[in-house]
Amino acid sequence: MKKVIGLGACVYDTLISCPNYPKEDIKLKADSVCISGGGPVGNSLVIMSKCGVDVGVIGLFADDNAGKYLLDDFNKYNVSTKNSVVVKNTNSFTSYILLSQDTNTRTCVFDRGTVPDDCSLVDYSPLKDADVLHLDGNYLNCAIKACQIAKANNVKTSLDAGGLYKDIDKLLPYIDILIPSAEFAMGITKTTDIVSAMQLLKYTYNPEILVVTDGKNGGYYMKGDDFIHYDSFKVNALDTNGAGDTFHGAFLTAYLDGKSVEDCCKFASATSAYKCKHKGVRTFELNKDIIEIFSTGKLNAKV
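Scoring rules and cut-offs
Residues numbered from 1 in each chain as written. Predicted model: local features only at pLDDT ≥ 70, side-chain atom pairs only at ≥ 80, totals over all residues. Heavy atoms only, no water. Pairing = 2+ DSSP bridges. Helix = DSSP H or I, 4+ residues; strand = E, 2+ residues; numbered from the N terminus. Axes fitted to C-alpha atoms, helices over the stretch in contact; angles between N-to-C directions. Contact = heavy atoms within 4.5 Å. Salt bridge = Lys/Arg side-chain N within 4 Å of Asp/Glu carboxyl O. Buried < 20%, exposed > 50% of the residue type's maximum accessible area, 1.4 Å probe, protein only. Lys, Arg positive; Asp, Glu negative; His and termini not counted. Polar contact = N/O pair within 3.5 Å; in protein donor to acceptor, adjacent residues only side chain to side chain.

Can you tell me about the sheet that holds strand β9 (residues 105-111), naming the residues and giving the values?
The four strands lie next to each other as β3-β2-β8-β9, forming an open sheet whose pairing is mixed. The open sheet is flanked by β3 (32-38) and β9, the only strands paired with a single partner. The sheet shows a mean angle of 20° between the axes of neighbouring strands, direction not considered. Relative to β3, strand β2 (residues 11-18) is paired through seven bridges, and the arrangement is antiparallel. Counted as the bridge partner of L15 is C34 from β3. Seen against the sheet, helix α2 (residues 65-76) touches β2 and β3 and runs at an angle of roughly 70° to β3.

What follows is the structure, given as structure tokens:
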């Protein structure tokens with residue numbers, strides 16, 4: 001079985017579903033409130049685990065109640081935590097996510113907590129026999145060190161480039177599978193269209209695989225010297241939060257199955273759309289067979 005190790009933001013999410021975004025200085029009754037594990041790498045690992053990939057999380061966790069919840073949640077979804085390290089007297093990365101039902105969008109307010117970006121505390125040993133290291137740009141010093149170890153052991157590196165974090169450009173030269181959002185791609189290259197951004201990213205960092213995601217518009221992937229558009233799957237979205245995380249987990253699942261970049265994008269796009277038909281990222285039933293059926297339209301993929 002192929003193995004993926006993740007290192008990045010593992011977040012204690014409070015999801016607040018509301019009929020609409022409230023105006024300032026008012027009270028609004030929520031439709032529902034729930035707690036969930038979250039974060040780009042964390043969610044991607046859960047998606048991969050459900051699709052049959054051997055996955056584990058490394059890095060540092062707080063010793064507060066939220067940190068315990070996150071580790072227990074990973075174990076519930078068969079994401080190995082045996083090489084994770086708990087740091088005493090620290091607070092977890094937390095977020096409050098407001099989900100608007102009338103616009104199918106989400107707004108996030110977060111606190112990064114006090115877990116340190118300290119390479120000396122991380123157990124990197126699982127990278128020696130992994131197939132892919134998956135990152136999201138958080139804990140940058142630890143991420144760069146992980147990439148250096150991965151490269152020394154012929155492990156492919158993957159980056160969910162969603163946030164323009166400080167010094168993120170220092171990580172990009174190490175990345176084999178680069179999948180930024182359109183916002184990230186254009187922001188870091190200071191361009192105004194996706195194709196121009198991809199051209200510059202390829203020229204500057206030369207990743208083996210380059211894909212840009214653009215939400216409901218689908219996205220682009222690079223094939224040779226060509227930039228090819230792929231479509232999204234249109235659904236009546238119930239919850240879009242975590243759709244990008246899902247895309248990355250599904251893309252790596254298909255990649256490890258030996259699929260072409262085009263087919264990886266199709267599978268990832270379908271999985272992301274299927275996720276949007278459910279509340280949350282982790283609790284709904286998912287496997288590769290479900291997505292294969294969904295992508296043919298037999299589970300009402302198109303509306």
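Here the narrative resumes, following the displayed structure.
Talk me through the pattern of salt bridges; I want residue IDs and the actual numbers.
Within this structure, the stated rule accounts for 10 salt bridges. D239 is the partner of K275 in a salt bridge, and the nearest nitrogen-oxygen pair spans 3.7 Å. With K275 in helix α7 (residues 261-276) and D239 in the loop between β15 (226-230) and α6 (243-256), this residue pair connects regions lying 36 residues apart in the sequence. Grouping residues by exposure puts K275 and D239 together as buried.

Could you give an account of unusual backbone geometry, with specific residues and numbers?
Its identity is not glycine, yet N89 carries a phi of approximately 60°, on the positive side. Within the secondary structure layout, N89 lies in the loop between β7 (84-87) and β8 (94-100). Unlike most non-glycine residues, D167 shows phi in positive territory, near 65°. Following the sequence through the fold, D167 ends up in the loop between β11 (156-161) and β12 (177-180). A residue is classified by how much of its surface remains accessible, and D167, at 30% relative accessible area, is partly exposed.

Could you give me a rundown of the side chain of D13, with the residues and numbers involved?
Mapped onto the elements of the fold, D13 is located in strand β2. Despite its burial, D13 pairs with no opposite charge, the nearest such side chain being R282 at 6.8 Å. At 2.4 Å, the side chain of D13 forms a polar contact with the side chain of S95.

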